[in-house]
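The chain contents come next:
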Amino acid sequence: MGRSLMLDRREQVVAKVSVILPAAGQSRRFGDKHTKKQFALLDGRPVWIHAAERFINREDVIQTLLIIAADDREYFQQKFASSAALLGIEVVIGGKERCDSVQNALTRVKEEAELICVHDAVRPCVAEQWIDRVFEKAAQTGAAILAIPITGTLKRVSADRLVEETVSRTQLWEAQTPQVFRRELLLKAYARRGDFLATDDAQLVERMGHPVHVVEGSVINVKIATKEDLRLAEQALKIMPKPPIRGPLHPFAGEDLWR
């Protein structure tokens, strides 16, 4: 009886989700002239593949959209297009800024999607239970994000790197992804953004006055910006359960596939 009730409650909050994976960044801090961070190898596979795998086999995910930069189109076509097709991932060409890229992807979201999830393609270490929680909260409230409380001491620093003041960390959280919203809410937020350059999608929803709920994430959900972050992600993957893979990544999959 208890298990039946638990399943019933879970069924009540399940919604159809379209997932958008922005991977159009320029990787200026990554320090590699030849490979962008989203395409760098992590445990033998590109970072973006790890992020995509966390979503493509979920029963509630009906669509996965990967955003790439226009200048990466040819490279992506040569290296990854067949794998994206096999995994059912749709590729979208991004814009000048991140919010422009997401706006491009929104035009491709399926009409039957009830929720839209935006997750950085360079966050490969997001666990299934965190996704479950943020999906559930968004289904209940309309808007939810993963975030972690700030634990370190914060300093405001001048341009010449002198401490100007110590900033209170009380009630300060660092936003992560996934960030998940009701379809109509996110579409409206982007329709009203104009030229505003949001640093994340929740900021656009906040500007409309809609409450955004926070679900606690984890420091393991690292966003790769530097080679050091990549090394941290390698260690994190060792302690995380691997998601199931739907079919082969490539008809000739092997160790040399991504090299």
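Look a little higher up for the structure.
For clarity, every value in this text was computed on a predicted model and none was experimentally measured. (Residues numbered from 1 in each chain as written. Predicted model: local features only at pLDDT ≥ 70, side-chain atom pairs only at ≥ 80, totals over all residues. Heavy atoms only, no water.)

When you look at the environment of I224 in this model, what are you seeing that I'm missing?
Here I224 shows up in the loop between β11 (213-216) and α9 (227-239). Spatially, the C-alpha atom of I224 lies 8.8 Å from that of V47, the residues being 177 residues apart in sequence. (Helix = DSSP H or I, 4+ residues; strand = E, 2+ residues; numbered from the N terminus.)

Any chance you could explain the sheet that holds strand β6 (residues 115-118) here in plain terms?
The strands making up a sheet associate through backbone hydrogen bonding, with each pair oriented either parallel or antiparallel. What the seven strands build is an open sheet, ordered β5-β4-β1-β6-β10-β7-β11; its pairing is mixed. Of all the strands in the sheet, the pair left with one neighbour each is β5 (89-93) and β11. Between one strand axis and the next, the sheet turns through 30° on average, direction left out of account. Examined bridge by bridge, β6 and strand β10 (residues 173-182) share four bridges and lie antiparallel to one another. (Pairing = 2+ DSSP bridges. Axes fitted to C-alpha atoms, helices over the stretch in contact; angles between N-to-C directions.)

Honestly, the packing of helix α5 (residues 98-106) against helix α7 (residues 183-191) in this entry has me stumped. Any pointers?
Two measures define how a pair of helices packs: the angle their axes make with one another and the distance between the axes. As a packed pair, α5 and α7 sit with axes 11 Å apart at the nearest point and diverge in direction by 130°. When the interaxial angle is binned, α5 and α7 end up oblique. In this structure, the crossing between α5 and α7 has a hand that is left-handed. Here C99, V102, Q103 and L106 of α5 come into contact with α7, specifically with L186, L187 and Y190. Split by residue class, the contact of α5 with α7 holds six nonpolar, one polar and no charged. (Parallel < 35°, antiparallel > 145°, perpendicular 65-115°, else oblique. Left-handed = near helix turned anticlockwise from the far one by under 90°. Contact = heavy atoms within 4.5 Å. Nonpolar A, V, L, I, M, F, W, Y, C, P; charged D, E, K, R; others polar.)

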